[in-house]
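Fold and contact review
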Amino acid sequence: MLAILALPVVTAVLALGYLKVLVTLLLPTVGQVLAGPLSWVADAMLGLVSHASTWPAAAVPLATPPSVAWVGATLLATLGLLHVGAARSRALPAVALVVCVAWLVIDERSVRLNLPGVRDDASALRLNMFAVGDGSCFLLRIDDGARPFMTAGDTGQTIMFDCGSQAYLDVGFKSIAPALGELGVRRIDTLILSHADLDHFSGVMDVMDHVPVGRILAPPQLLAEARDAERGTTHHLIESLRRRGYTVQAIAQGWAERCADAQLDVLWPPADYEAKRANDTSIVLSVTVAGRRVLLNGDIQQDAIAALLDSGVTLKADVTDLPHHGSFVADSPRWFEAVQPMIALQSSGPGRLHNDQWREVIDASRAVRLITDRHGMVEVAIGRDGEVAWSTFKGHLGEFREIGRAH
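For every chain, the first residue of the written sequence is number 1, and numbering continues from 1 along that sequence. The predicted nature of this model means local features are confined to residues of pLDDT at least 70 and side-chain atom pairs, given and counted, to a pLDDT of 80 or more, with totals for whole chains, interfaces and linings taken over all residues. As a rule here, side-chain values come from all non-hydrogen atoms in the structure, and water together with hydrogens is ignored.

**Remarks on the pattern of salt bridges**
We define a salt bridge as a side-chain nitrogen of Lys or Arg found within 4 Å of a carboxyl oxygen belonging to Asp or Glu. Throughout the structure, instances matching the rule amount to 15 salt bridges. A salt bridge links D356 to R359; its shortest N-O distance comes to 3.9 Å. On the basis of relative accessibility, which here comes to 46%, the residue R359 falls in the partly exposed class. Notably, a salt bridge pairs D356 with R369, separated by 2.4 Å at the nearest N-O pair. Of the two residues, D356 is situated in the loop between β12 (343–346) and α14 (358–363) and R369 in strand β13 (residues 368–371); the sequence distance between them amounts to 13 residues. Exposure class is identical for D356 and R369. Each is buried. A cluster of three or more residues bridged by salt bridges with shared partners is formed by R126, R141 and E379. Throughout this description, buried means an accessible area under 20% of the type-specific maximum (1.4 Å probe, protein chains only), exposed means over 50%, and partly exposed covers the range between. Numbering goes from the N terminus for both helices and strands, where a helix is a DSSP run of H or I of at least four residues and a strand is a run of E of at least two.

Here's what the structure looks like:
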């Protein structure tokens, strides 16, 4: 229906565009006159598409991209049915069309995103680490136990921790937003920005163009940098959010909240902490659910890690990411010993693995390390009984490979 509504406008844009090209070659001055109407019609088309994208059922996500073989088989079947239908029944071609469309849009999401180790209806939390190269984007979908957990938005709460990449500045539009659509995420209840670093928030605005966001949380140090460095990227981000009507809430060490069936706690940084590097002001978020604990650490480095260890706070966690995309500092072994994770996640590109100092530390433990550069997107599921399962996704989300599970 949307395509039909847009057809007259698209036709006008194409007609005016070709006419302008032709006229400009012959009469450049007259060609410039056509630029105004062409711009107006193009803006009208973009406005129509933008407004229509907010309508219910404006887009129908495909379960999987159709293969060449599928397209060929469908075409042959359709042509055959049309040929038979033309001779015997006028209704048969319509039936053939309905069958082909239904076949294309059948939603297999509940099958292909259901980890073998932890059923959807038994999940307390699902954590996705998106493959964004040297950058960070984690998604937590927390069930509230009200009814079987299927997709974010049906029940529970959805939290995104960071959204950016150093290598791919269009990661929000080209990677994260489509992945959210595949996962069935229709809303992000809470967006947490760990610290003032572009590779942790470069995709925020693009994702917000596709998925509504409830609230935005960040450490006070990020807001201070946005205020003090008016020409910086952090200032631009906060101003862009302000123009959209958001007031970013500052959270620091001691902040705690019950979120569906999970307990959220911020372990770092203190509100008045002054760091030599913005990385050490990163939020360290603890998520406890079903007797398991997940730790997300942003880009904390030596100073913050040493301060956390010396503070006496309990860091023991079942699942953690390696701070700063797997960078290794003097106190990294001591930090890893304090955390004692079952699963260590690393969001990084290939450069971080050339001098892999983590290998010896992790090999000496029983932890499983999952790296986006090697495994693609990673999903960790925590069952209501505490069972943990993890899968990796290379290529399309339907192509998952279970790595393992543990109790």
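**Topic: a nonpolar patch on the surface**
Nonpolar side chains (Val, Leu, Ile, Met, Phe, Trp, Tyr) are joined into patches within 5 Å and like charges within 9 Å, using only residues with over 30% relative accessible area and no salt bridge. We get accessible surface area from the Shrake-Rupley algorithm with a probe of 1.4 Å; when it comes to residues, only the shown protein chains can shield them. Taken together, the side chains of V21, L22, L25, L26, L27 and V30 make up a nonpolar region of the molecular surface, amounting to roughly 620 Å² of accessible area. Top contributing element to the nonpolar patch by residue count: helix α1 (residues 2–26), with four residues. As for its placement among the helices and strands, V30 is situated in helix α2 (residues 28–33). Under the relative-accessibility criterion, V30 is labelled partly exposed at 41%.

**A few points about unusual backbone geometry**
With an omega of 5°, the peptide bond running from W268 to P269 counts as cis. Relative to the elements of secondary structure, P269 occurs in the loop between β8 (262–268) and β9 (284–289). At D162, a position not held by glycine, the phi torsion is positive, near 70°. Within the secondary structure layout, D162 lies in strand β3 (residues 157–165). Positive phi, normally seen in glycine, also occurs at A260, with a value near 55°. In this fold, A260 is placed in the loop between β7 (256–259) and β8. By relative accessible area, A260 is classed as partly exposed at 27%.

**Notes on the environment of A179**
On the secondary structure map, A179 appears in helix α7 (residues 171–183). Once the C-alpha coordinates of A179 and F130 are considered, the two residues, 49 residues apart in sequence, prove to be 8.4 Å apart.

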